[in-house]
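For reference, the chains in residue letters:
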Protein chains: 2
Amino acid sequence: MSLQLSVDRSSPVPLYFQLSQQLEAAIECGTLTPGSLLGNEIDLAARLGLSRPTVRQAIQSLVDKGLLVRRRGVGTQVVHSQVKRPLELSSLYDDLEAAGQCPATRVLGNTLVPASAEVAAALDVPEGSEVHRVERLRLAHGEPMAYLCNYLPTGLLDLETERLEATGLYRLMRAAGITLHSARQSVGARAATPAEGERFGESEGAPLLTMQRTTFDDTGRAVEFGTHTYRASRYSFEFQLLVRP
Amino acid sequence: MSLQLSVDRSSPVPLYFQLSQQLEAAIECGTLTPGSLLGNEIDLAARLGLSRPTVRQAIQSLVDKGLLVRRRGVGTQVVHSQVKRPLELSSLYDDLEAAGQCPATRVLGNTLVPASAEVAAALDVPEGSEVHRVERLRLAHGEPMAYLCNYLPTGLLDLETERLEATGLYRLMRAAGITLHSARQSVGARAATPAEGERFGESEGAPLLTMQRTTFDDTGRAVEFGTHTYRASRYSFEFQLLVRP
DNA sequence: GTCAATGGATTGTCCGGACAATCGGACTAC
DNA sequence: GTAGTCCGATTGTCCGGACAATCCATTGAC
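Just so you know, these numbers come straight off a predicted model, no measurement behind them.

**Here's the deal with the overall build of chain A**
So, point 1. Looking only at helices and strands, chain A features 8 helices and 9 strands.
So, point 2. A compact globule built from 245 residues would reach a C-alpha radius of gyration of about 18 Å, whereas chain A, at 23 Å, exceeds it by more than 25%.
So, point 3. Viewed in the frame of its principal axes, chain A has a C-alpha envelope of about 65 × 40 × 35 Å.
So, point 4. The burial tally for chain A puts 49% of its 245 residues in the buried class.
So, point 5. Across chain A, every contact between residues at least 6 apart in sequence was considered, and the portion connecting residues at least 24 apart equals 57%.
So, point 6. On chain A, roughly 11700 Å² of surface is accessible, and the fraction owed to carbon and sulfur atoms is 50%.
So, point 7. One way to put it: in chain A the 25 positive side-chain charges average out to a point 9 Å from where the 28 negative ones average out.

**Quick notes on the environment of Leu164(B)**
Residues and elements named next belong to chain B.
So, point 1. Locating Leu164 in the fold gives a position in helix 6 (residues 161-166).
So, point 2. Taking C-alpha positions, Leu164 is 29 Å from Glu204, a pair spaced 40 residues apart along the chain.
So, point 3. Apart from the residues lying within four places of it in its own chain, the contact partners of Leu164 are Thr105, Val107, Asn110, Val134, Arg136, Leu159, Leu169 and Leu172.

**Points about the protein's contact with DNA strand C**
So, point 1. Around DNA strand C, the structure places 25 residues, and the nearest of them are Arg70(A), Arg72(A), Arg9(B), Leu15(B) and Thr54(B).
So, point 2. Counting only atoms of DNA strand C within 4 Å of the protein, the fraction found in sugar and phosphate groups is 73%.
So, point 3. The side chain of Arg52(A) places a nitrogen or oxygen atom 2.9 Å from a base nitrogen of DNA strand C.
So, point 4. A distance of 3.4 Å separates a phosphate oxygen of DNA strand C from a polar atom in the side chain of Thr76(A).
So, point 5. Looking at the surface near DNA strand C, the elements that each hand over two or more residues are helix 3 (52-65), strand 1 (68-71) and strand 2 (75-78) of chain A together with helix 1 (15-28) and helix 3 (52-65) of chain B.
So, point 6. Of the residues forming the surface near DNA strand C, the biggest block, 3 residues, is contributed by helix 3 of chain B.

**Focus on the environment of Ala122(A)**
So, point 1. One can find Ala122(A) in helix 5 (residues 117-123).
So, point 2. On the accessibility criterion, Ala122(A) (11% relative accessible area) is buried.

**Things to note about helix 1 (residues 15-28) of chain A**
Residue and element names in this part refer to chain A.
So, point 1. Taking 1.5 Å per residue as the helical rise, helix 1 with its 14 residues ought to reach 20 Å, and the 20 Å between its terminal C-alpha atoms agrees with that figure.
So, point 2. Here helix 1 has its buried residues at Gln18, Leu19, Ser20, Leu23, Ala26 and Ile27.
So, point 3. Looking at the packing, one finds that the buried side of helix 1 touches helix 2 (41-48), helix 3, strand 1 and strand 2.
So, point 4. In the segment just after helix 1, Gly30 is the residue with positive phi, at about 90 degrees.

**Points about the pairing of strand 9 (residues 237-242) of chain B**
So, point 1. Counting buried residues along strand 9 of chain B, 5 of its 6 residues qualify, which places the element largely inside the surrounding structure.
So, point 2. Judged from the 6 bridges that link them, strand 6 (residues 180-191) of chain A and strand 9 of chain B form a sheet pairing that is antiparallel. Bridge pairing links Ser182(A) to Leu242(B) in strand 9 of chain B.

**With respect to the protein's contact with DNA strand D**
So, point 1. In the neighbourhood of DNA strand D, 25 residues make up the surrounding shell, with Arg9(A), Leu15(A), Thr54(A), Arg70(B) and Arg72(B) lying closest.
So, point 2. Within 4 Å of the protein, the contacting atoms of DNA strand D are 74% sugar and phosphate, with bases supplying the remainder.
So, point 3. A distance of 3.4 Å separates a base nitrogen of DNA strand D from a polar atom in the side chain of Arg52(A).
So, point 4. It is helix 3 of chain A that provides the largest number of residues to the surface near DNA strand D, a total of 3 residues.

**Some thoughts on the side chain of Arg138(B)**
Residues and elements named next belong to chain B.
So, point 1. Along the chain, Arg138 turns up in strand 4 (residues 130-140).
So, point 2. When its relative accessible area of 2% is taken as the criterion, Arg138 is described as buried.
So, point 3. A polar contact of 3.1 Å, which involves the side chain of Arg138, links it to the side chain of Thr105.

**With respect to the packing of aromatic side chains**
The description of an aromatic ring pair uses the distance of the two centres, along with the angle that the planes make with each other.
All names here are of chain A.
So, point 1. Counting across every chain of the model gives 11 aromatic pairs over all chains.
So, point 2. Arranged with centres 5.1 Å apart and planes meeting at 80 degrees, the rings of Tyr230 and Phe237 form a pair that is edge-to-face. Each of the two residues, Tyr230 as well as Phe237, counts as buried.
So, point 3. Grouping aromatic residues by their ring pairs yields a cluster made of Tyr230, Tyr235 and Phe237.
So, point 4. Taking NZ or CZ as reference, Arg199 lies 4.1 Å from the ring centre of Tyr147, over its face.

**As for the pattern of salt bridges**
So, point 1. Following the criterion strictly, the structure yields 22 salt bridges over all chains and no others.
So, point 2. Across the pair Glu143(A) and Arg234(A) runs a salt bridge, and its minimum N-O distance is 3.0 Å. In this pair, Glu143(A) is assigned in strand 5 (residues 143-153) and Arg234(A) in the loop between strand 8 (222-231) and strand 9 (237-242), connecting sequence segments 91 residues apart.
So, point 3. Take Glu143(A): its relative accessible area is 33%, and that puts it in the partly exposed class.
So, point 4. The residue Glu135(B) makes a salt bridge to Arg133(B) at a minimum N-O spacing of 4.0 Å.

**Observations regarding the side chain of Thr105(A)**
So, point 1. If you trace the backbone, Thr105(A) turns up in strand 3 (residues 103-114).
So, point 2. For Thr105(A), the contacting residues outside a window of four places in its chain are Tyr93(A), Arg136(A), Leu137(A), Arg138(A), Leu164(A), Glu165(A) and Thr167(A).

Cut-offs and rules
- Residues numbered from 1 in each chain as written.
- Chains lettered and ligands numbered in written order.
- Predicted model: local features only at pLDDT ≥ 70, side-chain atom pairs only at ≥ 80, totals over all residues.
- Heavy atoms only, no water.
- Helix = DSSP H or I, 4+ residues; strand = E, 2+ residues; numbered from the N terminus.
- Rg over C-alpha atoms; globule rule 2.2 N^0.38 Å.
- Buried < 20%, exposed > 50% of the residue type's maximum accessible area, 1.4 Å probe, protein only.
- Contact = heavy atoms within 4.5 Å.
- Areas by Shrake-Rupley, 256 points an atom, 1.4 Å probe, with all protein chains shown as cover.
- Lys, Arg positive; Asp, Glu negative; His and termini not counted.
- Charge placed at Lys NZ, Arg CZ, Asp CG, Glu CD.
- Near = heavy atom within 4 Å.
- Polar contact = N/O pair within 3.5 Å; in protein donor to acceptor, adjacent residues only side chain to side chain.
- Expected span 1.5 Å × (residues − 1).
- Pairing = 2+ DSSP bridges.
- Phe/Tyr/Trp six-rings, centres within 6.5 Å; stacked < 30°, edge-to-face > 60°.
- Lys NZ or Arg CZ within 6 Å of the ring centre and 35° of its normal.
- Salt bridge = Lys/Arg side-chain N within 4 Å of Asp/Glu carboxyl O.

Take a look at the structure:
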């Protein structure tokens, strides 16, 4: 039952990473069934011609992803799963596209404004200093889905209205070399104002889903602050939380 | 400016963990300021009388937590922060208690029921098999905040109504030796039905925040499935998402 | 039959070293 | 002055080994 594992020492990709990828693929495609033991680390290392620390590093990365569980004195098992997917910093645009919803964006505003107290606090810039403000209406199949208002520090990337119409904000940021790391979110709900009702084609008082989010890059700097409003009848958040003990 | 670091080799707590805790404390209390270098790993190891792998393990755990950033050829820096807090699988009870809201619970039902198709799929048990169903009303300062309906597999823990009134479900699960690992959540909003309006002391049509959650333990088994309804005027979700690149 | 002691298996922790990859600044050439 | 090159510093990867801690099943005692 020992699955096919091998490493290419001439490849520039790290050995532990080659191994973890092969193991992940085996789990994904069902070759390694949930609950099955992985075989002890020593033998595995010997079979592959690797050292134990390297094998452990590969296994550890999958444990961190939640795909494997280690039990001292027992061995390493594949989790009973359903959990497979890693949690992602969800992008509304990508979500809609993945769901085949034909997302589109109408840019309502793209200007420089002085930072309000709230925005300044979120982005950690002086109050009153200039920041980008982008207001967008996100459509799916031509129907309005959400109203997005985002603030960004200046100098990080150039926000062309044309590009904002074509894709999502996160893709633009990644393309600009910003590595997104984490985000603090606050999700709530409230009734639509008359203006919002009209904007979304719903009646006044219709339930709306609201989100405020501050996104940080890998150095811990705030790179985006946004206030979003979604039609509750058309959208809900799906996400996964991990516990770090 | 080298800060005070030391390890106790006679302690049963792992050396790398002692070090990571001291570093985390130094970051938390501001001794290590955001953006400052940590000093190279070799010297750090020599100063502490540890090996480099041990020091690396300590640093790596903080990198995983998002407190440090490594840059090859540069060094290891403290992140520019605000992010400090680790993401937690939020417990409504703990959230309220931490906010000084005097949480209380009224158990409306605590019975065994046959699993519906939805519940069976979420918990990965046969449809129609018996599962626990717990219905609760969560109060803060005597005011109703949320209606919680949870399903749990049988045999995991004994759910005494008395205990459920005194604390949160997650605490009971942890106390029963279940190590929570991750959860899939879906958050939405809708208008209150007449019955819900009455239950919460709000009018019909008032916006409600809804959440469905399936929680998994460290072996990947589903240990809880719940449908919750919150008064949007009184509660919103705060959480943090991480990106795994 | 029940409970406690023993032992094998496996992961957890730690060491010391070696070389490669990458970054940033200093230096040089033009 | 500007661009390209070199070099030191630092982290990234990998090795091989040693012992401790823990789990599980078997064995043994009562």
